[in-house]
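What follows is each chain in one-letter form.
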Amino acid sequence: VLRCPHAHARVRKVDVAAAEKMPGVHAVIHDGSPGADIPWHTDSKGKAVSRLFDPHCRHEGEEVAAVAAETPRQAWDAVRAIAVEWEVLPQVCDVEQALAPGAPEVREGGNRTAGQSYARGDVAAGFATAAAVVERTFRTATEMHTPLEPHGCVARWEGPRLTVWESTQGVYAVQGQVAAALALPLANVRVIGHYVGGGFGSKLSTGKWSAIAALLAKRTARPVRLFLTREETLLVAGNRPANTIRLKVGAKADGTLTALECEATGSGGAYSENGTGLVDWVVRDLYSCPNVRTANTNVFTHAGSERAMRAPGHPQGAWALEQALDELAGKLALDPVELRRRNVPLVSQARGGTPYTTTGLRQCLDDGARAFGWEEAKRRAAASRQESGPWARGVGMAAGLWVGGAGGAPATGIVKLFADGSVNLNMGASDIGTGTKTVMAMIVAEELGVPLEKIQIEHADTATTQFATASGGSKTVPTEGPAVRAAALDCVAQLLAMASADLKLPAAELAWRDGAVVSTADDTRRVALADISEMKRRRLVTGVGYRARNPDGTVTCPFAAQFCEVEVNRLTGEVRLLRFLAAQESGRVMNRATFDNQVYGGVTMGAGLALTERRVLDREATGKLCNRSWHDYKIPTALDVPAELVSLPVDLPAPAANAIGAKGLGEPVTIPTAPAIANAIADAVGVRITDTPVNPTSLVEPLAAARTSRTTRPEGRA
Ligand code: MOS
């Protein structure tokens, strides 16, 4: 794909004649090619504001033309041979530039879009009754999506039918979007997504690459493989938007929160109005507080659009809220765990005071603090700071909740039990690396009493599996699990009905046990699966299960509390993560290994937000992306994760939530991590860094200032 090399430019002319003559080249498409006039990027009213190869490029990396060739190198050579006449236009890189007087407009109608706002109670009155107030402005940097496997697909036509093998979180989402783009019936578009090398939200929706691959495959009558390079994914595959959050919190002397006020700005880039989506959710709902006001503003910039990234908005909001609460605890001479304990909510205040099915926040705080050894760790860290060496220890904690994770209808599972006792499970959902298939197979194994090895899974194929919503929002297990369980139970019900004829007993007096239908009164009266007369004729029994609607009058959310011990070098600003414990309440723990793996991954990503990740644009000159590789964009490596990383599942089955009692886990883990680290750093060196990433560059100056006033430095915490 030939991409715009400028942050903002207009294509005056594209000349592909030379490219078309290059060796190995089969097709070159661009704006104006037949079938390429496809609307793309819609505004909040659903109106398309761009198209597949739009000549007005509003960020670096926008698609200008595409080449299909025998080999990738021939294709890249041909891309370089395309001549483009550019009109380079002035750009805005960030909120400050975009809102400056006279700034170029990214989109017609101005660079600011009205965000959501929220209010309950009387914030002014709430602050008036507060014994202590903290007000600060926090900033988070833009984090770029960096799944190990880049984004892309293979497209192949057979007559009127298109098959797309896509690395995606949702095959049905891609099917719908590709069919719409190419004006095809849904039935003619088959999307298969059996394996996904990481998505984290960036593979929830379709990229232009899928439409481009399909167009090129049609033009060439050949299968086309189009995967992005790492650099391309950094330009176009989405990001967690940078946010500026002004937050004010007030509490009574006993720690009861009286008011919370939050104003957030962020940029969704050139095409998304979602630069502040869900940033204020933890402010609205993590703690009991009668008086809350929040306001969000999105600003357009000439940069790649945001895409959902692991718990959209929440880590940014928690970065602000959980640091402000830490400081508030210091002012009130309260332990930070105790401050949170005094504000645990039992209802979702932002959803009309609706009760939670379960609220594990208190257990996360209590069990987490105990398992971490919070009190001893605090004392140990304080003692270490009396020593004269450069390394100072500190401990910090933070809590979180995730707005989603309840799951819900629709979901359908199909379980085929064969006469030999082996099983096919059919479900439409993608396993995005979280172990969904393992968990689903466990549910079937448990209900049917068959070993896991006897279960094979058909999944994530729009031609052969059931409809499933995309695997995102930490809802796949609570969405699909109940449907799969119901399908297995449907098999059992059918087996009992069939065996009733053989055993001459009513089905209600029968049970399915160890591969046979047995009388509940007399287990010598039994018929093995393969001997059931009806089974001999049918050869298999097919159970179908549907996900029930969530109960009215309740809200289901996962909760978390995390604890961190760091060592900070007072001279160089180097931060070492020594110990980290994540206490996570996500309903029933379905599988300990996949649970722990979500915890390790979520904490690692949170450590990236806290300490290393930051998109850098050349804001003073070209607006281009500066750190466009895994060398220059720093995600945590094995050396950066906490030396001791403990997953503490708070196993609290939520039977009222759904038929398996589980809630989502993947996203809630990453919400409190960064502020827990920042709070530990503040404890260690008495310096609070409000902007991510916290690194030697941001720490050295405040540390130097703190050194000169060392003798008068307040401890800042009870
Ligand atoms: Mo997620 S950010 O809903 O994959």
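All figures in this text were calculated on a predicted structure; none of them were measured in a lab.

With respect to the overall build of the protein
- Counting secondary structure elements, the protein contains 18 helices and 32 strands.
- A principal-axis box enclosing the C-alpha atoms of the protein has dimensions of 90 × 75 × 50 Å.
- Going through the 718 residues of the protein one by one, you find that 59% of them count as buried.
- Sequence separation of at least 24 residues holds for 78% of the intrachain contacts in the protein that already meet a minimum separation of 6.
- Counting only carbon and sulfur atoms, one obtains 53% of the accessible surface of the protein, whose full area is about 27,500 Å².
- With 78 positive and 76 negative side-chain charges, the protein shows a spacing of 0 Å between the two charge centroids.

Thoughts on helix α6 (residues 208-220)
- Helix length check: α6, at 13 residues, gives a terminal C-alpha distance of 18 Å against a target of 18 Å (1.5 Å per residue), a fit within 8%.
- Taking burial as the measure, the 13 residues of α6 include eleven buried ones, the bulk of the element.
- Those residues of α6 lying buried are Lys208, Trp209, Ser210, Ala211, Ile212, Ala213, Ala214, Leu215, Leu216, Ala217 and Thr220.
- Immediately beyond the C-terminal end of α6, within one or two residues, lies Ala221, with a positive phi of roughly 55°.

Some points on the nonpolar core
- Leu247, Leu321, Leu328 and Ile681 are the most contacted members of the largest nonpolar core, which totals 93 residues.
- Listed in part, the 46 residues of the second largest apolar core include Met144, Val178, Ala179 and Ile212.

Observations concerning the side chain of Ser384
- Along the polypeptide, Ser384 turns up in helix α12 (residues 374-384).
- Overall, the relative accessible area of 12% leaves Ser384 in the buried class.
- For Ser384, the side chain forms a polar contact with the main-chain nitrogen of Arg393, separated by 3.2 Å.
- Every residue in contact with Ser384, bar those within four places of it in the chain, is listed here: Ala392 and Arg393.

Regarding the sheet that holds strand β15 (residues 224-227)
- As summarised here, the arrangement of the four strands in space is β14-β13-β12-β15, forming an open sheet in which the pairing is mixed. A single partner strand is all that each edge strand has here, and the edge strands are β14 (189-192) and β15. Neighbouring strand axes in the sheet, compared pairwise and without regard to direction, differ in orientation by 20° on average.
- The pairing of strand β12 (residues 152-158) with β15 spans four bridges and is classified as antiparallel.

Points about the pairing of strand β2 (residues 9-15)
- Of the pairings in the sheet, the one linking β2 to strand β6 (residues 56-57) comprises two bridges and is antiparallel in character. Counted as the bridge partner of Arg10 is His56 from β6.
- Pairing geometry for β2 and strand β8 (residues 83-88), over six bridges, is antiparallel. Bridging across to β8, Arg10 finds its partner in Glu87.

A short note on the environment of Arg614
- Assignment of secondary structure puts Arg614 in the loop between α16 (592-611) and β32 (644-649).
- Expressed as a C-alpha distance, the spacing of Arg614 and Ala242, which sit 372 residues apart in the sequence, is 9.0 Å.
- In this view, Arg614 contacts Ala141, Thr142, Asn627, Tyr633 and Pro693; residues no more than four positions away in its chain are not counted.

Criteria and cut-off values
- Residues numbered from 1 in each chain as written.
- Predicted model: local features only at pLDDT ≥ 70, side-chain atom pairs only at ≥ 80, totals over all residues.
- Heavy atoms only, no water.
- Helix = DSSP H or I, 4+ residues; strand = E, 2+ residues; numbered from the N terminus.
- Buried < 20%, exposed > 50% of the residue type's maximum accessible area, 1.4 Å probe, protein only.
- Contact = heavy atoms within 4.5 Å.
- Areas by Shrake-Rupley, 256 points an atom, 1.4 Å probe, with all protein chains shown as cover.
- Lys, Arg positive; Asp, Glu negative; His and termini not counted.
- Charge placed at Lys NZ, Arg CZ, Asp CG, Glu CD.
- Expected span 1.5 Å × (residues − 1).
- Core = buried A, V, L, I, M, F, W, Y, C linked by side-chain atoms within 4.5 Å.
- Polar contact = N/O pair within 3.5 Å; in protein donor to acceptor, adjacent residues only side chain to side chain.
- Pairing = 2+ DSSP bridges.
- Axes fitted to C-alpha atoms, helices over the stretch in contact; angles between N-to-C directions.

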